[in-house]
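# Descriptive structure summary
Listed below, chain by chain, are the residues.
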Amino acid sequence: MDLKGKKTLVLGAGKSGVAAAKFLAKHGAIVALHDKKSLDDWGEDAKALKQDYKVGLIDGQIPSWLLDQIDLVIISPGVPTSSIPARYVDRKGGEVIGEIELAYRFLKGKIIGITGTNGKTTTTTLIGEILKHAGLKVQVAGNIGLPLIEVVETADDDTWNVIELSSFQLETIKFFHPNIAIALNVTPNHLDRYNFFSDYAAAKHRIFMNQTADDIAILNVDNEVTSSWVHGLKARVVLFSTKRELQEGFFLRDGGIFFRDGVRERLITTRDKILLKGLHNVENILAAVAATTFCGVDIEVIREVLSQFAGVEHRLEFVTSINGVRFYNDSKATSVDATLKAIEALSDEKGKIILILGGRGKNAPYKPLIPSIERFVRALVLIGEEADRIESELKGHSQISKATSMRDAVEKAFQAAQQDDLVLLSPACSSFDMFESFEHRGRVFKEAVLTLKQELSSELFK
């Protein structure tokens, strides 16, 4: 792809857009970066592009005379493909792609792509750790927080590029081709952006569209959507399951994680030798083990990493205990299904759960939480824009209180807790009503918990 002199518009001045604009400018393109937000609200990295890389910065409306000149649009994940600038350029014959597709056209090495509604980051990180431990050259990027375009120039033919992929990123691929593609699960999410659940599922399915018979497609056979994709893929299909034994594939049986190739069966490890909590994390482990096995990693290496891997920040992350009450940060749970998995993961712990829910909704129902709330949850503390709607759907199934801030939520949750209870931040909503990101929300939660602990400790010594 020759970028020299190509007139390019990057839509979205977030992390992905800034990285794409910088790469394009360094490779000779004429670049304009756009965001609907006022320039005053842009990040410093975005603003610096004008002086450092001669990138034009546009806020608000894009003039049609400019769109007439554009050859290429790079659309950020947060910008819908139905946006007027993208549609305008597409209809006049320009190309509209995302940062993932742009990066792919320059990327060397092999690719493992991971998508799914839940578990992407944990699985992506675990695959990276196993490959690294095996002595292979590996780069982990994508939706995990590091734009893929930023690691293009450090990849070579021997590199394994492990890429977390959201549905938004997959919407804008054309030739992107993972050697190993993983679909962990697909459950209702982002229904504020997609008209139908089937549209969201179709975006996820695009991860397989450029694979060939030489590639591997790893699917969760327990999930209704991903199991329906078993037939019709061009790649070799490898299955995993936590619910049943497979003639071929990776599965859980009696606490053991096994691989069967149709003839032989091999025990990889057992649940008591892994640190991650919850059946959903066993699914993530099965997918990671499948991927790294087909990369040629020795089973002893896989075992060792699984025995040490404690998970990633903001995913069922233990924060601390205060007077016998344990606090967990699961800020990454931005869907109802993710929250259900978090409750399930902690359901065998001593005590009941005080659940902090809320944020910006995604037009998904909260009633699927009711059975788990009635069994495992002592009280709900609601925050954010969606608090009233959550209350209306869950009222009568648990004690409910509302909080005006994360600090207030932590205090109310602690007050509602009894000895040996757990306070779980697992919001089932996005963070953008009160916070910059789910990471920001998680950090604020942890700060509030640690501040409360410090204050209560100080009270003891007065």
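Shown above is the structure to which this text applies.
To keep things clear, this report deals only with the structure shown in the data block. Here the residue numbering is sequential within each chain, running from 1 through the sequence in written order. In view of the model being predicted, local features appear only for residues whose pLDDT reaches at least 70, and side-chain atom pairs are presented and counted only at 80 or more, with totals across whole chains, interfaces and linings using the full set of residues. Heavy atoms from the whole structure form the basis of all side-chain values; hydrogens and water molecules are not counted.

This part covers the layout of surface pockets. To find leftover empty space, one rolls a probe the size of a water molecule over the atoms. Put plainly, a pocket is an open set of points on a 1 Å grid over the protein atoms alone with protein on both sides within 12 Å along at least five of seven lines, a cavity is a set where a 1.4 Å probe fits but cannot get out, and a lining residue has an atom within 4 Å of a point. Grid points are joined across faces, edges and corners, and a volume is the space filled by probe spheres set on the points. By volume, the second largest pocket is sized at about 400 Å³. Lining the second largest pocket are 19 residues, and of these Thr 187, Asn 223, Asp 337, Leu 340 and Lys 341 sit closest to its centre. Only runs of H or I of at least four residues qualify as helices and only runs of E of at least two qualify as strands under DSSP, and these elements are numbered from the N terminus. No other element matches helix α12 (residues 336-346), which puts five residues into the lining of the second largest pocket. Asp, Glu, Lys and Arg are counted as charged, while Ala, Val, Leu, Ile, Met, Phe, Trp, Tyr, Cys and Pro are counted as nonpolar; the rest, among them Gly, fall into the polar class. Among the residues forming the lining of the second largest pocket, the class breakdown is seven nonpolar, six polar and six charged.

Criterion used throughout: strands pair if DSSP finds at least two bridges between them. Strands sit in the order β7-β8-β6-β9-β10-β11-β12-β13-β14 across an open sheet of nine strands; the sheet is mixed. Looking at the sheet topology across the chains shown, the edges are occupied by β7 (138-142) and β14 (265-270). Recorded for the sheet is a direction-independent mean angle of 15° between the axes of neighbouring strands. Where strand β6 (residues 110-115) and strand β8 (residues 160-164) come together, five bridges link them in parallel fashion. Residue pairing for β8: Gly 113 is matched across the bridge by Ile 163. Structural elements are reduced to axes, namely lines fitted to C-alpha atoms, with helices fitted over the stretch in contact, and the angle between N-to-C directions of any two is expressed from 0 to 180 degrees.

The next subject is the packing of aromatic side chains. A ring pair, where both rings are aromatic, is described by two values, the distance of the centres and the angle of the planes. Aromatic rings from Phe, Tyr and Trp, with only the six-membered ring used for Trp, were paired whenever their centres fell within 6.5 Å, and each pair was classed as stacked if the ring planes differed by under 30 degrees, edge-to-face if by over 60, and tilted otherwise. Using the criterion set out here, one finds ten aromatic pairs in the structure. Linked through ring pairs, Phe 168, Tyr 194, Phe 197 and Tyr 200 together constitute an aromatic cluster. Note that Arg 253 overlies the ring of Phe 258, its terminal NZ or CZ placed 4.2 Å from the centroid. Working rule: Lys NZ or Arg CZ, within 6 Å of ring centre, within 35 degrees of ring normal, means a charge sits over the ring. The ring of Phe 438 is capped by Lys 332, whose NZ or CZ atom sits 5.3 Å from the centre of that ring.

What follows is about empty space enclosed by the protein. Within the structure shown, the criterion is met by three cavities of 30 Å³ or more. Put simply, the largest cavity is a space of about 300 Å³. Around the largest cavity, the lining is made up of 21 residues, and of these Asn 118, Gly 119, His 280, Arg 315 and Lys 332 lie nearest the centre. For the lining of the largest cavity, the elements supplying multiple residues, two or more each, are α6 (120-133), α10 (279-294) and α12. The residue inventory of the lining of the largest cavity, partitioned by class, reads four nonpolar, eleven polar and six charged.

Any Lys or Arg side-chain nitrogen located within 4 Å of an Asp or Glu carboxyl oxygen qualifies as a salt bridge. Scanning all chains against the criterion turns up 29 salt bridges. The salt bridge involving Lys 350 is made with Asp 420; its shortest N-O contact spans 3.4 Å. Residue Lys 350 is located in the loop between α12 and β17 (353-358), and its partner Asp 420 is located in the loop between α15 (406-416) and β20 (422-425); the two are separated by 70 residues in the primary sequence.

The next point concerns the nonpolar core. Definition used in this section: a nonpolar core is a set of buried Ala, Val, Leu, Ile, Met, Phe, Trp, Tyr and Cys residues joined via side-chain atoms within 4.5 Å. When a residue's accessible area, from a 1.4 Å probe over protein chains only, is under 20% of the maximum for its type it is buried; when over 50% it is exposed; and in between it is partly exposed. Of all hydrophobic cores here, the largest spans 59 residues; its most connected members are Leu 24, Leu 33 and Phe 208. Top element by residues in this core is helix α1 (residues 15-26). It accounts for seven residues. Only heavy atoms enter the contact rule, under which two residues are in contact if any of them lie within 4.5 Å. Phe 208 has contacts with Ala 181, Ala 183, Ala 217, Leu 219, Trp 229 and Leu 233, leaving out every residue within four places of it along the chain. Within the second largest apolar cluster, 40 residues are counted, among which are Ile 114, Phe 259, Ile 274 and Leu 306.

Within the secondary structure layout, Ile 302 lies in helix α11 (residues 299-308). With relative accessibility at 0%, the residue Ile 302 sits in the buried group. The spatial distance from the C-alpha of Ile 302 to the C-alpha of Lys 108 is 25 Å, given a sequence separation of 194 residues. Excluding its chain neighbours within four sequence positions, the residues that come into contact with Ile 302 are Ile 130, Ile 268, Val 289, Thr 292, Thr 293 and Val 297.

This part takes up the side chain of Thr 115. Looking at where Thr 115 falls in the secondary structure, it is placed in strand β6. Judged by relative accessible area, Thr 115 falls into the buried class, the value being 1%. Any pair of nitrogen or oxygen atoms within 3.5 Å is treated as a polar contact; in protein, a donor-acceptor pairing is required on top of that, and neighbouring residues in sequence qualify only through side-chain atoms on both sides. In terms of polar contacts, Thr 115 uses its side chain to reach the side chain of Lys 204, at 3.1 Å. Contact partners of Thr 115, with chain neighbours within four places excluded, come to Lys 120, Leu 165, Ser 166, Leu 170, Ile 182, Ala 183, Leu 184, Lys 204 and Ile 207.

Moving on to helix α14 (residues 387-394). Of the positions making up α14, those classed as buried are Ala 387, Ile 390, Glu 393 and Leu 394. Take α14 and look down its axis: the buried residues cluster within an arc of 135°, on one side only. Of the exposed residues in α14, the ones pointing more than 90 degrees away from its buried face are Asp 388 and Ser 392. Of the surrounding secondary structure, the elements contacted by the buried residues of α14 are β17, α13 (370-376), β18 (377-383) and β19 (399-402). Directly beyond the C-terminal end of α14, a positive phi value near 90° is found at Gly 396. In this context, the arc is that of the directions from the helix axis out to the C-beta atoms.

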